Amino acid sequence: MNAFEAANYYISKASRIMNLGPRVERLLLSLEAEHHVSVPIERDNGELAVFSGYRFQHNSARGPTKGGLRYHPTLDADDVRALATLMTWKTAVVNVPFGGAKGGIACDPSQLSQGELERITRKFVERISAEIGPQRDIPAPDVNTNAQVMAWIMDQYARLHGFAPAVVTGKPVELHGSEGREAATGYGVICVAENFMRDIGNNLKGATVAIQGFGNVGMFAALFANERGAKVVAISDVSGGIANPVGLDIPALVAWTRSGRLLAEYEHDGVLRITNDVLLNWEADVLIPAALGGALRRDVALEVRAKVIVEAANAPTFPDADEIFEQRGITVIPDILANAGGVTVSYFEWTQNLQCLRWTEPEVNDRLRQIMSSAYATIRDVVRSRKLGWRTAAYIVALGRVAKAAMMRGV
Ligand code: NAD
């Protein structure tokens, strides 16, 4: 099963429970547009390189499409399809007025200079500039893209169409970005984890947490978990993982990573070196996959020891692993709820840009907490009243909202 088939598996499952019927299901499974472009640039050494660029729009029934841009060497059309679909359900779960899209470039940013990265980004925007726009489709950061890349997108779009900062979110705060956007996904992940622990009569304070991936999302999830008194006992990045049963020094590790170093190079008393596979079955109350999709396969699912998995990454769990978790009584809080904090603050950024005003960080975080807690409570009530798993409940809420909007607008 590829990533797109896995995404559609969850949709079909919820659609059957809701009796949506084949007509609506077919509409919801298909993408509205797939823009596939070539991205040629001149390398620093004078050679010409051509990359594949994608911008796919899944569904705009509830508003302009929205979703991140990923720069990764293995990115392919099926990944982008799957991730675009997820964005439709995610924006519906938190009830922000967007549809879903995703895009990216199949490239390895670690092999590119800053100048090459800028040229790739600007050429990509040139090629898709008619397909994006503040009321059409709004990109944002994802794996290996950051506020600087978003700034280039804003600038290139302005050169072609005039000043329109709402065309992209996740921009630097100095350049029409929103306070709180960088931390938003990790903040939302921990907000959901905290609500869940409270609901089962536990507390995040004192709970143990393992996090796979120490980039934007994993790092902020670790910082907020640590701030709320949880013990982060294991973390990893692409180079491998580290663990300490009494808890890792997260602020020191954030400083380490921000200085451009890998976790595999970190040495400290009491710190054990572990592999990424071992991290996933490390002894912890909460497991947070925050790297790439597909980390939790069937064989891994049989070994996981956490009580709850909070999906910070997009699509980290394959359907067969999901079934194992259900059989083993391990709760999985799905990506479309758990990592929706990023798109929620992207919505705040878009709103601020359109109105030419600025909110303070406490204002942003207060509103984010309200939206995440309200989405969490809505899904939890469906879980309880219909005795369903969290993923199915989240899809039922999302499909209901999107299907209603699509039917009212007409085919
Ligand atoms: P990032 O590029 O900032 O960080 C990715 C991290 O994963 C890095 O620490 C990297 O070393 C690590 N990694 C890469 N390959 C790995 C592997 N094979 N094993 C273990 N670790 C590995 O990306 P990010 O923005 O933090 O995104 C992480 C995940 O969260 C992705 O699935 C992304 O789609 C999802 N997500 C991101 C946002 C956002 O706002 N950035 C929002 C929602 C969902």
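Whatever comes next refers back to the structure up there.
Small disclaimer: the values here were computed from a predicted structure and weren't measured. (Residues numbered from 1 in each chain as written. Predicted model: local features only at pLDDT ≥ 70, side-chain atom pairs only at ≥ 80, totals over all residues. Heavy atoms only, no water.)

Draft legend 1. Spatial organisation of the sheet that holds strand β10 (residues 286-289). Taken in spatial order, the seven strands make up an open sheet running β9-β8-β7-β6-β10-β11-β12, and their pairing is mixed. Looking along the sheet, the strands with just one partner apiece sit at the ends: β9 (272-274) and β12 (331-333). Taken pair by pair, the neighbouring strands of this sheet meet at an average axis angle of 20 degrees, ignoring direction. Where β10 and strand β11 (residues 308-310) come together, two bridges link them in parallel fashion. The residue of β11 that forms the bridge with Val-286 is Val-308. (Pairing = 2+ DSSP bridges. Helix = DSSP H or I, 4+ residues; strand = E, 2+ residues; numbered from the N terminus. Axes fitted to C-alpha atoms, helices over the stretch in contact; angles between N-to-C directions.)

Draft legend 2. Structural detail: unusual backbone geometry. A positive phi angle, near 70 degrees, is found at His-176, a position not held by glycine. Inspection of the secondary structure puts His-176 in the loop between α5 (147-161) and α6 (181-199). Looking at His-176, the relative accessible area reads 31%, which means it is partly exposed. One non-glycine residue, Ala-315, lies in positive phi territory at about 50 degrees. Topologically, Ala-315 is positioned in the loop between β11 and α11 (319-327). (Buried < 20%, exposed > 50% of the residue type's maximum accessible area, 1.4 Å probe, protein only.)

Draft legend 3. Geometry of helix α8 (residues 250-258). Residues Ile-250, Leu-253, Val-254, Trp-256 and Thr-257 constitute the buried set of α8. The buried residues of α8 occupy an angular sector of 160 degrees when the element is viewed end-on, so they sit on one face. Lining the buried residues of α8 we find α7 (216-227), β7 (231-237) and β8 (240-243). One or two steps after α8, the chain reaches Gly-260, where phi turns positive at roughly 90 degrees. (Arc of directions from axis to C-beta. Contact = heavy atoms within 4.5 Å.)

Draft legend 4. How the structure looks around empty space enclosed by the protein. Counted by the stated rule, this structure contains one cavity of 30 Å³ or more. Computed from the structure, the largest cavity encloses a volume of approximately 30 Å³. Contributing to the lining of the largest cavity are Gly-180, Ala-183, Ala-184, Tyr-187, Phe-224, Glu-361 and Asn-365. For the lining of the largest cavity, the secondary-structure elements that each account for two or more residues are α6 and α14 (361-386). Ranked by residue count, the leading element in the lining of the largest cavity is α6, at three residues. Partitioned by chemical class, the residues of the lining of the largest cavity number four nonpolar, two polar and one charged. (1 Å grid on protein atoms, 1.4 Å probe; cavity = no way out; pocket = protein on both sides within 12 Å on 5 of 7 lines; lining within 4 Å. Points joined across faces, edges and corners; volume = space filled by probe spheres on them. Nonpolar A, V, L, I, M, F, W, Y, C, P; charged D, E, K, R; others polar.)

Draft legend 5. Structural context of the packing of aromatic side chains. Within this structure, the stated rule accounts for 14 aromatic pairs. Centroid distance Tyr-9 to Tyr-10: 5.6 Å. Interplanar angle 75 degrees. Geometry classified as edge-to-face. According to the relative accessible area criterion, Tyr-9 is partly exposed, its value standing at 27%. Both rings, one in Phe-98 and one in Tyr-347, keep their centres 5.9 Å apart while their planes meet at 85 degrees; by these two values the pair is edge-to-face. Separated by 249 residues along the polypeptide, Phe-98 in the loop between α3 (77-93) and β4 (99-105) and Tyr-347 in helix α13 (residues 341-355) bring together distant segments of the chain. Given the relative accessible area of 0%, Phe-98 is considered buried. Chaining the aromatic ring pairs together yields one cluster made of Phe-98, Tyr-347, Phe-348, Trp-350 and Trp-359. A cation over an aromatic ring shows up here: Arg-228 above the ring of Tyr-187, its NZ or CZ 5.6 Å from the ring centre. Directly above the ring of Trp-359 sits Arg-367, whose terminal nitrogen or CZ lies 3.9 Å from the centroid. (Phe/Tyr/Trp six-rings, centres within 6.5 Å; stacked < 30°, edge-to-face > 60°. Lys NZ or Arg CZ within 6 Å of the ring centre and 35° of its normal.)

Draft legend 6. View of the site of the ligand. Around the ligand, the surrounding shell holds 22 residues, and the nearest of these are Arg-70, Asp-142, Thr-185, Ala-291 and Asn-314. Contacts to the ligand include Thr-185, whose side-chain N or O atom sits 2.8 Å from an oxygen atom. One nitrogen or oxygen atom from the main chain of Val-217 is found 2.9 Å from an oxygen atom belonging to the ligand. Out of a free accessible area of 830 Å², the ligand has 84% covered by protein chains. (Near = heavy atom within 4 Å. Polar contact = N/O pair within 3.5 Å; in protein donor to acceptor, adjacent residues only side chain to side chain. Areas by Shrake-Rupley, 256 points an atom, 1.4 Å probe, with all protein chains shown as cover.)

Draft legend 7. Highlighting the pairing of β10. Going residue by residue along β10, you find Val-286 and Ile-288 tucked away on one face and Leu-287 and Pro-289 tucked away on the opposite face as well. When strand β6 (residues 208-212) meets β10, the two strands line up parallel, connected through four bridges. Paired with Val-209 across the two strands is Val-286, which belongs to β10.

Draft legend 8. Broad picture of the sheet that holds strand β2 (residues 48-59). Ordered by their spatial adjacency, five strands build an open sheet running β1-β2-β4-β3-β5, and the pairing between neighbours is mixed. Whereas interior strands pair on both sides, the edge strands pair on one side only; in this sheet they are β1 (33-42) and β5 (137-141). Neighbouring strand axes in the sheet, compared pairwise and without regard to direction, differ in orientation by 20 degrees on average. In the sheet, strand β3 (residues 65-71) pairs with β5 via five bridges, with the strands oriented parallel. Counted as the bridge partner of Thr-65 is Asp-137 from β5.

Draft legend 9. The packing of helix α1 (residues 3-18) against α3, seen in detail. Packing of α1 against α3 brings their axes to within 7 Å, and their N-to-C directions diverge by 30 degrees. Put simply, α1 runs roughly parallel to α3. Contacts from Ala-3, Phe-4, Ala-7, Asn-8 and Ile-11 in α1 reach Asp-78, Asp-79, Arg-81, Ala-82, Thr-85 and Trp-89 in α3. Residue composition of the contact of α1 with α3, grouped by class: six nonpolar, two polar and three charged. (Parallel < 35°, antiparallel > 145°, perpendicular 65-115°, else oblique.)

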